[in-house]
Amino acid sequence: MNVRMAEIDAAFIQPTEHRPNSIIKHAHGIPVIDLGSLTSTDHIGDDLVNATREACAKWGFFQVTNHGVPLHYLHHLKLVAQRFFSSPHDYKSMFSRDASNPLGFYDSEHTKNVRDWKQVFDFTARDPTVIPVSPDDPVPKQLINRWPSELREVAQTYAREIEKLAFKLMELIALSLQLEPHRFDGFFKDHTSFVRLNYYPPCPCPHLVLGVTRHKDAGGLTILAQDDVGGLQVRRKSDGEWVSVKPDPAAFIVNVGDIIQVWSNEKYESVEHRVMVHSDKERISIPFFFNPAHYVMVKPLEELVDDHNPPKYREYNYGAFYATKRKSNLKKLNVNNLQISDFKIISQ
């Protein structure tokens, strides 16, 4: 990625997000949960449920090992993704996303008013996927993935495996909230989940830019695969400090999104995170965003509200919410776009 200082000044510099070395620590405290018993038997033990409850409540993030996803699928996808991102730009641009279809390739270097230092390739876990793509046209559309021939088979295989893990994790989260284990399944019957291949080129000015600016995930659950370079940082709930997540290429990082925050009526909270870039190493990461069906109405679950703990959010439609956020993100508007805080019920 060519560095043009005028563009960095105009688009990449985030004064409030510069890397203050004095507060950056390795996140040794982020819980690591061994899912071996979950993936090998049908029984979910109390220890596993309690560990999940504590991790979701205190961090909103945790790492999982022995997750049951064959690592050779992940390694193969990383290799093919790296080859794709190393291809000439003219080839990659043949698969570029646009206003009518949010799937495919995107490159911050060739986009005006960019915020993040990266290239991405998005594909839905289910092909096709039905979801509204514009708040001005609420009729759901059938989105078809844009596939480079070298990516399709390996990407679809990985998506099927990570989808299985996502459903298992939602069972675990349901039990941790003292709900029936399959309480969330109906919301994801026609889920709109997608996988993002992130490529972060080396950056000569890593102190001036971010791979991804600080944000919270708007969906249900995110399952992130990292390489061994690292760069993910989480804002710790206990003191607000940014802490670095030590990478483990054999594990996944899991975080709850805004929808779980609403469903749980803030028993669990979506947490801010960001990605730092490296001065001389490229980085590949692969998040899976587990999102409900477009027709799902999101609100606090009735089992988790009562007279002493009334609902904290008004109901909203996920498909319309997604379409509105996407419009703002696509145009890179320099404004705060739609957030779940817009649906927060303010006590009188």
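Identification of the chain as Fe2OG dioxygenase domain-containing protein from Saponaria officinalis is taken from an unreviewed UniProt entry. Quoted verbatim from the Sequence similarities (unreviewed entry) heading of the UniProt record, the comment on the chain is "Belongs to the iron/ascorbate-dependent oxidoreductase family."

Glancing now at the side chain of S176. Within the secondary structure layout, S176 lies in helix α6 (residues 152-176). Using a relative accessible area of 3% as the deciding quantity, one classes S176 as buried. At a separation of 2.7 Å, a polar atom in the side chain of S176 contacts the side chain of Y268. Here S176 is in contact with V49, T52, R53 and Y268, once residues within four sequence places are set aside.

Let us look at the sheet that holds strand β13 (residues 252-256). Sheet strands pair via backbone hydrogen bonds, and the direction of the pair is either parallel or antiparallel. Spatially, the eight strands line up as an open sheet ordered β2-β3-β13-β10-β15-β8-β5-β4, and their pairing is mixed. In this open sheet, the two strands that pair with only one neighbour each are β2 (32-34) and β4 (104-107). Each strand of the sheet is rotated relative to its neighbour by a mean of 25 degrees, with strand direction disregarded. With respect to the sheet, helix α4 (residues 71-85) is in contact with β4, β5 (119-124), β8 (194-200), β10 (221-226), β13 and β15 (283-290), its orientation differing from that of β15 by roughly 115 degrees. Packing of α6 onto the sheet brings it into contact with β3 (61-65), β5, β8, β10, β13 and β15, and relative to β10 it is tilted by some 130 degrees.

What follows deals with α4. Here α4 spans 21 Å end to end across 15 residues, near enough to the 21 Å set by a 1.5 Å rise per residue. Listed in full, the buried residues belonging to α4 are L74, L77, K78, V80, A81, F84 and F85.

The rules behind these values
Residues numbered from 1 in each chain as written. Predicted model: local features only at pLDDT ≥ 70, side-chain atom pairs only at ≥ 80, totals over all residues. Heavy atoms only, no water. UniProt positions renumbered as here; feature names shortened; annotations may be inferred. Helix = DSSP H or I, 4+ residues; strand = E, 2+ residues; numbered from the N terminus. Buried < 20%, exposed > 50% of the residue type's maximum accessible area, 1.4 Å probe, protein only. Polar contact = N/O pair within 3.5 Å; in protein donor to acceptor, adjacent residues only side chain to side chain. Contact = heavy atoms within 4.5 Å. Pairing = 2+ DSSP bridges. Axes fitted to C-alpha atoms, helices over the stretch in contact; angles between N-to-C directions. Expected span 1.5 Å × (residues − 1).

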